[in-house]
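# Fold and geometry: a report
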Amino acid sequence: QVQLVESGGGLVKPGGSLRLSCDTSGFTFKWYDLTWYRQAAGKERELVATITTNEQINYVDSVKGRFTISRDNDKKATYLQMNDLKPEDTAAYYCNARWRRIEYWGQGTQVTVSS
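Heads up: these notes are all about the structure in this document.

Rules used in this analysis
- Residues numbered from 1 in each chain as written.
- Predicted model: local features only at pLDDT ≥ 70, side-chain atom pairs only at ≥ 80, totals over all residues.
- Heavy atoms only, no water.
- Core = buried A, V, L, I, M, F, W, Y, C linked by side-chain atoms within 4.5 Å.
- Buried < 20%, exposed > 50% of the residue type's maximum accessible area, 1.4 Å probe, protein only.
- Helix = DSSP H or I, 4+ residues; strand = E, 2+ residues; numbered from the N terminus.
- Phe/Tyr/Trp six-rings, centres within 6.5 Å; stacked < 30°, edge-to-face > 60°.
- Lys NZ or Arg CZ within 6 Å of the ring centre and 35° of its normal.
- Pairing = 2+ DSSP bridges.
- Axes fitted to C-alpha atoms, helices over the stretch in contact; angles between N-to-C directions.
- Disulfide = S-S within 2.5 Å.

### Section: the nonpolar core
Side chains of a nonpolar character, in soluble globular proteins, are inclined to be buried together. Membership of the largest hydrophobic core comes to 25 residues, with the highest contact counts inside it found for Trp-36, Val-48, Phe-67, Leu-80, Met-82 and Tyr-93. Listing elements by their share of this core, those giving two or more residues are strand E3 (18-25), strand E4 (33-39), strand E5 (46-51), strand E7 (67-72), strand E8 (77-82), strand E9 (91-99) and strand E11 (109-113). With four residues, E9 is the single largest residue contributor to this core.

### Some remarks on the packing of aromatic side chains
Throughout the structure, instances matching the rule amount to seven aromatic pairs. Ring centres of Tyr-32 and Trp-99 lie 6.0 Å apart, and the angle between their planes is 45°; on these two criteria the pair is classed as tilted. Of this pair, Tyr-32 sits in the loop between E3 and E4 while Trp-99 sits in strand E9, placing them 67 residues apart in sequence. For Tyr-32, a relative accessible area of 4% puts it in the buried group. Among the aromatic residues, those joined into a ring-pair cluster are Phe-27, Phe-29, Trp-31, Tyr-32, Trp-99 and Tyr-104. Its end group placed over the ring of Tyr-79, Arg-19 keeps NZ or CZ at 4.1 Å from the ring centre. The residue whose ring lies beneath Arg-45 is Trp-105, and the NZ or CZ to ring-centre distance is 4.5 Å.

### Section: the sheet that holds E8
Across the sheet, which stays open at both edges, the four strands sit in the order E1-E3-E8-E7 with antiparallel pairing between neighbours. Two strands lie at the open edges of the sheet, namely strand E1 (3-7) and E7, each paired on one side alone. Direction aside, neighbouring strands of the sheet carry axes that sit 15° apart on average. One ladder, built from six bridges, connects E7 with E8; its direction is antiparallel. Paired with Thr-68 across the two strands is Gln-81, which belongs to E8.

### As for the state of the cysteines
In protein chemistry, a disulfide is the covalent bond that joins the sulfur atoms of two cysteines. Evaluated as defined, the whole model comprises one disulfide. The disulfide partner of Cys-22 is Cys-95, and the S-S distance across this bridge is 1.9 Å. Across the disulfide from Cys-22 to Cys-95, rotation about the S-S bond amounts to roughly 40°, and the bridge is consequently right-handed. A residue pair is termed long-range when its members are at least 10 positions apart, and Cys-22 in strand E3 and Cys-95 in strand E9 qualify at 73 residues.

Laid out in structure tokens, this is it:
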């Protein structure tokens, strides 16, 4: 059974940090490109960061220099370190694993940035 379980979300003040984790099971993790998406209330889902199987990394411009994506193939997990958080980062964050036409999604974790 495929599982992607995000954790690490919560309420944080502007300028604060959070580290999101996505723990997976049930598929060959090392074959998959991994992406973090987010969706704010009333808005479309947005790609935040991607790390490929050979560790090529891309970020949406709004998080460059603040967020860091990583993966651990031994632990079958991906992480999103988020620093200098802003109110506009408030959203549900989802991890996605994709290989060819196969993709899996987690259930999401809420990040709220507010004073």
